[in-house]
Amino acid sequence: QVHLAESGGGLVQAGGSLRLSCVASGLTFSRYAMGWFRQAPGKEREKVAAISLSGSTAYYADSVKGRFSISRDNAKNTVYLQMNSLKPEDTAIYYCAAKFGVVAWTGYDYWGQGTQVTVSP
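Residues numbered from 1 in each chain as written. Predicted model: local features only at pLDDT ≥ 70, side-chain atom pairs only at ≥ 80, totals over all residues. Heavy atoms only, no water.

Asks: For this particular structure, what's the right way to read the pattern of salt bridges?
Replies: Side chains that differ in sign of charge can pair as their charged atoms come close. Applying the stated criterion across every chain yields a total of four salt bridges. A salt bridge links lysine 65 to aspartate 62; the nearest nitrogen and oxygen atoms lie 3.2 Å apart. The burial state of lysine 65 is the same as that of aspartate 62; both residues are exposed. Look at the salt bridges and you will find they share partners, linking Arg38, Glu46, Arg67 and Asp90 into a network. (Salt bridge = Lys/Arg side-chain N within 4 Å of Asp/Glu carboxyl O. Buried < 20%, exposed > 50% of the residue type's maximum accessible area, 1.4 Å probe, protein only.)

Right under this line is the structure:
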């Protein structure tokens, strides 16, 4: 009964900011690395950001480096994605995912249903 619930998506103009949240339940949150991925219409799912169990290490796709920031609050079973300087090409459905153990780009065990982010010109 693991459940990941994303929120915070919406419509924003280019240059604006959004903060996505993902609340996890049904798992021992602190034992899972967490990641954010996105998928635009007609494109493959792509990595966005990932964070280690304690939050001490974070990784970013080159396309978002310097603009996005991932963080987690293990006491709240929540991972966040702060998205700044948004561009139209950031438009996608954003998914959070949980991976048992060491952080990586692959091997995620659980996925949320996604939240839509739309960036207008």
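Asks: How do you make sense of the state of the cysteines when you look at a structure like this?
Replies: One way to say it: the disulfide is the covalent bond shared by the sulfur atoms of two cysteines. Under the counting rule described, the total for this entry stands at one disulfide. The disulfide partner of cysteine 22 is cysteine 96, and the gap between their sulfur atoms is 1.9 Å. Its S-S torsion of approximately 45° makes the covalent link between cysteine 22 and cysteine 96 right-handed. In this pair, cysteine 22 is assigned in strand 3 (residues 18-25) and cysteine 96 in strand 9 (residues 92-100), connecting sequence segments 74 residues apart. Taking the relative accessible area as the measure of exposure, cysteine 96 reaches 0% and is therefore buried. (Disulfide = S-S within 2.5 Å. Helix = DSSP H or I, 4+ residues; strand = E, 2+ residues; numbered from the N terminus.)

Asks: Sorry if this is basic, but what is going on with unusual backbone geometry here?
Replies: Where the residue is not glycine, phi is negative for most of them; where a peptide bond is considered, it is trans in most cases. With phi around 50°, asparagine 77 is a residue other than glycine that occupies positive phi space. Position of asparagine 77 among the secondary structure elements: in the loop between strand 7 (68-73) and strand 8 (78-83). Owing to a relative accessible area of 24%, asparagine 77 belongs among the partly exposed residues under this scheme. For serine 85, which is not glycine, the phi torsion reads 50° and is therefore positive. Residue position: serine 85 is located in the loop between strand 8 and strand 9. Among the residues examined, serine 85 registers a relative accessible area of 41% and is labelled partly exposed.

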